[in-house]
Amino acid sequence: MNRVLRVARREYAAQVRTKGFLLSLLLFPVLFSGSTIAFVLLKDRVDTADKRIAVLDHSGIVAESLLAAAEERNAEEILDEQGVQTKPRYLFESLAPEEDVAAQKLALSDRVRRRELHAFFEVGPDVLHPEIEGGDTGLRYYSENPLKSEVRSWLWWPVNQRLIEIRAREEGLDPQVVARVTGRIGTESMGLLSRDAATGELSGGQRTGELEAILAPMAVMMILFIMTLMGALPLLGSTMEEKSLRIAEVLLGTISPFGLMLGKLLGGVAVSLTILSFYSVVAYAVSSFTGSVALVPFALLPWLVAITLASLLMFGAVAAAVGASCNDQAEASARTPLVIVPILIPMFIWFPILQDPLGGFATAASLVPPFTPALMTLRLASPASVPLWQPVVGFLGVLLFTLATVWGGARVFRAGILMQGQAPNLRTMLRWVFGR
Amino acid sequence: MTAVEIESVTKTFAGHRAVDDLSLRVPSGCTYGFIGPNGSGKTTTLRMIMRILLPDRGRLRVLGEERLAAATERVGYLPEERGLYRKMKVRPLLRFFGEMKSGRDVRGEVDAWLERFELTAWADKKVEALSKGMSQKVQFISAVVSRPELLILDEPFTGLDPVNVDALREAVLELRAGGSTVIFSTHDMAAAERMCDFIFMIYRGRKVLDGTLREIQDRYGSDTVRLKIEGGAGALRGLAGVAEVRNHGRFQELHLAPGADAQALLGAILGRTGVRHFELGKPSLHDIFVRIAGPEAAAAAPEPEEAPA
């Protein structure tokens, strides 16, 4: 067996045959996808405790109908088919506005703070005719937590229905006719259709929720992130160990510095592909069990394999070079951000990219080589149809950048691996890269 | 047949000339000792022979090969500072190093060497569980398990107890008897005297000694007196014709000044104290080392322990 492959095999075994690897394999998805998983698990778990809301109706035309609408809702919408309450009751209490409205609102705020009320709702006196300039036409919802807005969202419909009804009467129109004419239908989010080249059958066009549109790309990007992190980052520590324990000196009597680094990189690639295989099998098993195979973008596997290879070589070369510049664990810890920050940055910008996967920002960011593996993968896994030239150009950019980092990394590795004493600074390392 | 040929080799690190215009020929099948004070260029020379470092100038030929790494699989190397993966188990570690070198299955050799050094019980333990002496023996096995034609040992006996020193020494001599060429650097002058066919001393990057022990000693002549006296070393103070007195406790060693008469010296000593032993001889390697490198360098080189009979 070739010496490079022997180094790769040792590197692979050293990383994979540890309890830490197995633990990381299981824990990483939980840690990094914790919020998403929690969201999925908890999305149907709502607080069913009664919500008391005070209504301060300055218009005098809304409160009564609002109370009636709430009663209707409490009677018809809060129980599931088995009669189990799944939503809270909304209990409105109508208050007459006092002379000192500010003091009255302060008192109501205190009641909210004392948990006597969930919130209070103020209706401006001029809501019926918002077209009149200078009038107070506000519908204001006061609560402690503006993020929890189920009640506020619900209020919008009955209040506006009531206002439309009164306006219709004022215009001499039958409110029922108006309701029929202005009836609105919600939109559903659907995936695109495609035709199977082999069978000619149409597929896709299924209803997709926002959650599903986020979950699959996020999961794929997360797997790539985990693969990169677990494949590349250990190279920093292992190179530092080989340097500080003088193992490198023994190995360099057998193999060239570039051969040693290449072997280590291939070991890292093998670790990542092991992770990819593991998660692919798990994804297939879980999606088959839950009947959601269509949601898992298995068609991306070839791309994932190719981009993992390039990504590992790119970040692994940097990790090995940084490791070769360190003498001990403390120095390695201090220099770890040089490797980890470029891997982490996509994690901070994934959301705006997923919101508009075909936008300018998403396109530009996914064509920056260090971010291409994560961000292009995210876009490809999203329901959007990314133009073919973009992954092609992105992949070529990654390949070129990878060649540059492997070349530069090898030069730093060669110079740093036998150097003892003070760790070289960035300037020295750049001199090693570009010097003669 | 020459195992290693070094021609006018120079190596500089950040303005410091570690090896300066060095030329050396190591014949095949011999034991060649590299001596010199710390920082004199021994390890740099060994690393250049191993092609870990490349010379700035000059040529190196190892086992007849001038091409970089051409002879790699035929050369075994024990570095000065031991390099072992702490988390690896002993047997897989030795297989890794042996197979990296030779490219073939070395399981049989690994087990034989482990048995020879009484390490079989530790074969499935991690390196981090081994004592320093055991680690050193494992490191030695990693250098020899591929049955190299040329074995390079940088300070092989440092830190070992006498039993392990003997075990290692026997193994080295056995390898040499089997046809391997052995180059080793050492601060142990007595070991160098006992084991080496040739001795090379490097000082401040330059070759200062090269030859057999006899050739080297002949260059200095019989200018050393070893004696045991009844009085203490104080009785030797101020003797005419003596360049240096070295007190080893149980015996003393006098370095005669050029042209000094040993018989006259004996008479002068007898005039001061009783003499039990008086021997005129050639300087020891340790003595020669100290004369070249100075007493500071001698601190790193162990004193000879053998007293005259």
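Located above this text is the structure these notes cover.
Here's a quick rundown of the structure. (Residues numbered from 1 in each chain as written. Chains lettered and ligands numbered in written order. Predicted model: local features only at pLDDT ≥ 70, side-chain atom pairs only at ≥ 80, totals over all residues. Heavy atoms only, no water.)

1. Thoughts on the sheet that holds strand E4 (residues 57–62) of chain B
Note on sheets: strands pair through backbone hydrogen bonds, and any given pair is parallel or antiparallel. Residues and elements named next belong to chain B. As a reminder, the rule being used: Note on pairing: two strands pair once DSSP finds at least 2 bridges between them. Strands here mean DSSP runs of E at least two residues long; helices mean DSSP runs of H or I at least four residues long; both are numbered from the N terminus. Geometry is summarised by axes, namely lines fitted to C-alpha atoms with helices restricted to the contacting stretch, and by angles between N-to-C directions that run from 0 to 180 degrees. Whether two residues touch is decided by their heavy atoms; if any such pair falls within 4.5 Å, the residues are in contact.
On the basis of which strands lie adjacent, the open sheet formed by 3 strands has the order E2-E1-E4 and antiparallel pairing. Single-partner strands in this sheet number two, and they are strand E2 (16–27) and E4. On average, adjacent strands in this sheet sit at an angle of 15 degrees to one another, irrespective of strand direction. Here strand E1 (residues 2–13) pairs with E4 via 5 bridges, running antiparallel. Each bridged residue has a counterpart across the sheet, and for Val4 the counterpart in E4 is Val62. In the packing of helix H1 (residues 42–49) onto the sheet, the strands contacted are E1, E2 and E4, and the crossing angle to E1 comes to about 120 degrees.

2. Some words on the interface of chain A and chain B
Selection criterion: Once two parts are brought into contact, the accessible area they lose, counted with a 1.4 Å probe and summed over both, makes up the buried area. A carboxyl oxygen of Asp or Glu within 4 Å of a side-chain nitrogen of Lys or Arg is what we treat as a salt bridge. Pairs of N or O atoms are called polar contacts if they sit within 3.5 Å, as long as, within protein, a hydrogen donor faces a hydrogen acceptor (for residues adjacent in sequence, only side-chain-to-side-chain pairs).
Every contact between the two is made by 18 residues of chain A and, on the other side, 23 residues of chain B. Three residues, A:Arg6, A:Arg10 and A:Glu249, lead the burial of chain A against chain B; their summed loss comes to 30% of the area buried on that side. Remark: the boundary between chain A and chain B carries 2 salt bridges. For B:Arg47, the salt bridge identified is with A:Glu249, shortest N-O distance 2.7 Å. Taken together, the links from chain A to chain B amount to 9 residue pairs in polar contact (both at pLDDT 80 or more). Of all the elements in the fold, those that place two or more residues in the side of chain A that touches chain B are helix H1 (3–16), helix H8 (210–244) and helix H9 (247–252) of chain A.

3. As for the nonpolar core
Here is a general trend for soluble globular proteins: nonpolar side chains tend to be buried in one another's company. Quick note on the threshold: Residues belong to a common nonpolar core when they are buried Ala, Val, Leu, Ile, Met, Phe, Trp, Tyr or Cys residues joined through side-chain atoms within 4.5 Å. Exposure classes here rest on a 1.4 Å probe applied to the protein chains alone. A residue is buried below 20% of its type maximum, exposed above 50%, and partly exposed in between.
Core analysis: the biggest nonpolar cluster contains 153 residues, and B:Ile49, B:Phe140 and B:Ile183 have the highest contact counts within it. Ranked by residues supplied to this core, first place goes to H8(A) with 15 residues. Ignoring anything within four residues of it in the chain, the contact list for B:Phe140 reads B:Leu78, B:Trp113, B:Phe117, B:Leu153, B:Leu168, B:Ala171, B:Val172 and B:Leu175. A:Val55, A:Ala69, A:Leu155 and A:Ile166 belong to the second-largest nonpolar core, a separate cluster that totals 21 residues.

4. Focus: the packing of aromatic side chains
Stated precisely, the cut-off is as follows: Working definition: rings of Phe, Tyr and Trp (its six-membered ring) pair if their centres are within 6.5 Å, and the pair is stacked with planes under 30 degrees apart, edge-to-face with planes over 60 apart, and tilted otherwise. Only when the NZ of Lys or the CZ of Arg is both within 6 Å of the ring centre and within 35 degrees of the ring normal is a charge said to sit over the ring.
Inspection of every chain in the model, using the stated rule, returns 17 aromatic pairs over all chains. Each ring, one from A:Trp350 and one from A:Phe351, has its centre 5.4 Å from the other, and the planes form 85 degrees; the classification is edge-to-face. Residue classification places A:Phe351 among the partly exposed residues on the basis of a relative accessible area of 40%. Ring centres of B:Phe96 and B:Phe97 lie 5.5 Å apart, and the angle between their planes is 50 degrees; on these two criteria the pair is classed as tilted. By relative accessible area, B:Phe97 is classed as buried at 4%. Following the ring pairs from residue to residue traces out a cluster consisting of B:Tyr32, B:Phe34, B:Phe198 and B:Phe200. For B:Lys125, the ring lying beneath its charged end belongs to B:Trp122, and the centroid distance is 5.9 Å.

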